[in-house]
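Descriptive structure summary
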Amino acid sequence: MSSTFAAPPIHEESLGASTLEASIEEKIAATIDDLIAQIPNPEQLTGEQRRGIIARYTAVLEGNFIYWMTATFLAVKSQEAHPILLENLYEECRDSHPAMMRSFALAAHAFPTDKDALAVDRNLTAMRLFLGKLEGVPSLLSMAFFEGWIQKFMAPLAKLAELQGSTEMVYTDVHGVCDVRHSQELFRGVFLEMKRYPVDEGTDIFEGVNLLSTLVRNIVQG
Ligand SMILES: [Fe+2]
């Protein structure tokens, strides 16, 4: 499907709650599948292209994921959704996922350079500014999408690292499993927040999803 959610809009009033929820989840799943399908075969890339994907991914994830999740926590108003985000943050900090990420990149000889970081700067900044608006539902939905994408990206990411000579796969092993549950829980949080605090008319609940989709394409394509 198209990678943009500009149309058709979802009209909550014309759909039952469960139909609306299913529609949102289907759109997210289709977007993830579309992004995964765009990933080139790691075996057909040059070593530098493989290194670049790992490096850009690391430049984005290592220093930003906990920040994104924290901003989402600050944006969400419903008491019921807070524990979902806190559990996620707890795991990130307790198990030091940024350290895991750095070990993974270093072992693949793909620690990001200034050029790698700057290659994703514009789209990363757009995501930071979006989260700064502190809108609960769009922020939560973007995190649910991202956890779902990460889970499916772990196999190609591990393959890229393996082809670069690495055997350090703790990061990809951990995120290929735990992010399935995280994504499901975050969707539950999205729907709880939507019921308690419906979005203002005209709000594009997929704004963050679209920004992250662009950032993901930037990571993969350079
Ligand atoms: Fe993580």
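Residues numbered from 1 in each chain as written. Predicted model: local features only at pLDDT ≥ 70, side-chain atom pairs only at ≥ 80, totals over all residues.

As a further point, take the overall build of the protein chain. Scanning the protein chain from N- to C-terminus turns up 9 helices and 0 strands. In terms of overall size, the protein chain behaves like a compact globule, its C-alpha atoms giving a radius of gyration of 17 Å where 222 residues would be expected to give roughly 17 Å. Here the C-alpha coordinates of the protein chain stretch approximately 55 × 35 × 30 Å along the principal axes. Within the protein chain, buried positions represent 41% of all 222 residues. Counted over contacts in the protein chain with a minimum sequence separation of 6, partners at least 24 positions apart contribute 87%. (Helix = DSSP H or I, 4+ residues; strand = E, 2+ residues; numbered from the N terminus. Rg over C-alpha atoms; globule rule 2.2 N^0.38 Å. Buried ≥ 20, exposed ≤ 12 C-beta atoms within 10 Å, placed from the backbone. Contact = placed C-beta atoms within 7 Å.)

Among the residues of helix α6 (residues 121-131), those classed as buried are Leu-124, Met-127, Phe-130 and Leu-131. Along the axis of α6, the buried residues cluster in a sector spanning 120 degrees; they form a single face. Away from the buried face of α6 by more than 90 degrees, exposed residues Asp-121, Arg-122, Thr-125 and Leu-129 are located. For α6, the elements touching its buried residues are α2 (47-75), α7 (136-163) and α9 (207-221). (Arc of directions from axis to C-beta.)

Two numbers describe how helix α1 (residues 17-37) lies on α7: the axes approach to 10 Å, and their chain directions differ by 40 degrees. Considering only the axes of α1 and α7, their crossing is right-handed. On α7, the residues that touch Ile-28, Thr-31, Ile-32, Leu-35 and Ile-36 of α1 are Ala-144, Phe-145, Gly-148, Trp-149, Lys-152 and Phe-153. In the contact of α1 with α7, the residues fall into 8 nonpolar, 2 polar and 1 charged. (Axes fitted to C-alpha atoms, helices over the stretch in contact; angles between N-to-C directions. Left-handed = near helix turned anticlockwise from the far one by under 90°. Nonpolar A, V, L, I, M, F, W, Y, C, P; charged D, E, K, R; others polar.)

Turning next to the nonpolar core. Of all hydrophobic cores here, the largest spans 60 residues; its most connected members are Ile-54, Leu-140, Leu-141, Ala-144, Phe-145, Val-190 and Leu-215. Elements represented by at least two residues in this core include exactly α1, α2, α3 (82-94), α4 (97-107), α6, α7, α8 (170-196) and α9. By residue number, the principal contributor to this core is α7, which donates 14 residues. Look past the residues within four positions of Leu-141 in its chain and what remains in contact with it is Val-190, Ile-205, Phe-206, Gly-208 and Val-209. (Core = buried A, V, L, I, M, F, W, Y, C linked by C-beta atoms within 7 Å.)

Moving on: the confidence of the model for the protein chain. As a note on interpretation, predicted positions should not be read in detail where pLDDT is low. Per-residue pLDDT for the protein chain averages 91, and the proportion of residues at 70 or more is 92%. Note that residues 1-14 has pLDDT below 50 and, in this model, 16 contacts with residues that lie over four places away or in other chains. (pLDDT = per-residue confidence, 0-100.)

Owing to its 3.6 residues per turn, the α-helix brings residues three or four apart onto one side. For α3, built from 13 residues, the straight-helix expectation of 18 Å at 1.5 Å per residue is met to within 8% by its first-to-last C-alpha distance of 18 Å. Among the residues of α3, those classed as buried are Ile-84, Leu-85 and Asn-88. Down the axis of α3, the buried side of the element spans an arc of 95 degrees, and every buried residue falls inside it. Of the exposed residues in α3, those oriented more than 90 degrees away from the buried face are Pro-83, Leu-86, Tyr-90, Cys-93 and Arg-94. Just past α3, the residue Ser-96 takes up positive phi, approximately 45 degrees. (Expected span 1.5 Å × (residues − 1).)

Here we come to the environment of Ala-105. With respect to the helices and strands, Ala-105 occurs in helix α4. According to the C-beta neighbour criterion, Ala-105 is buried, with 25 such atoms within 10 Å. Separated by 63 residues in the primary sequence, Ala-105 and Glu-168 place their C-alpha atoms 8.9 Å from one another.

Following the sequence through the fold, Ala-110 ends up in the loop between α4 and α5 (114-119). Overall, the presence of 24 C-beta atoms within 10 Å leaves Ala-110 in the buried class. Separated by 62 residues in sequence, Ala-110 and Glu-48 place their C-alpha atoms 9.2 Å apart. Residues in contact with Ala-110, not counting those within four places in the same chain, are Arg-51, Ile-54, Ala-55, Thr-58, Ala-105 and Gln-164.

Another point: unusual backbone geometry. With a phi close to 45 degrees, Ser-96 is a non-glycine residue in the positive phi region. Within the secondary structure, Ser-96 sits in the loop between α3 and α4. According to the C-beta neighbour criterion, Ser-96 is exposed, with 12 such atoms within 10 Å. Of note, His-109 is a non-glycine position whose phi angle comes to about 55 degrees, a positive value. Here His-109 is to be found in the loop between α4 and α5.

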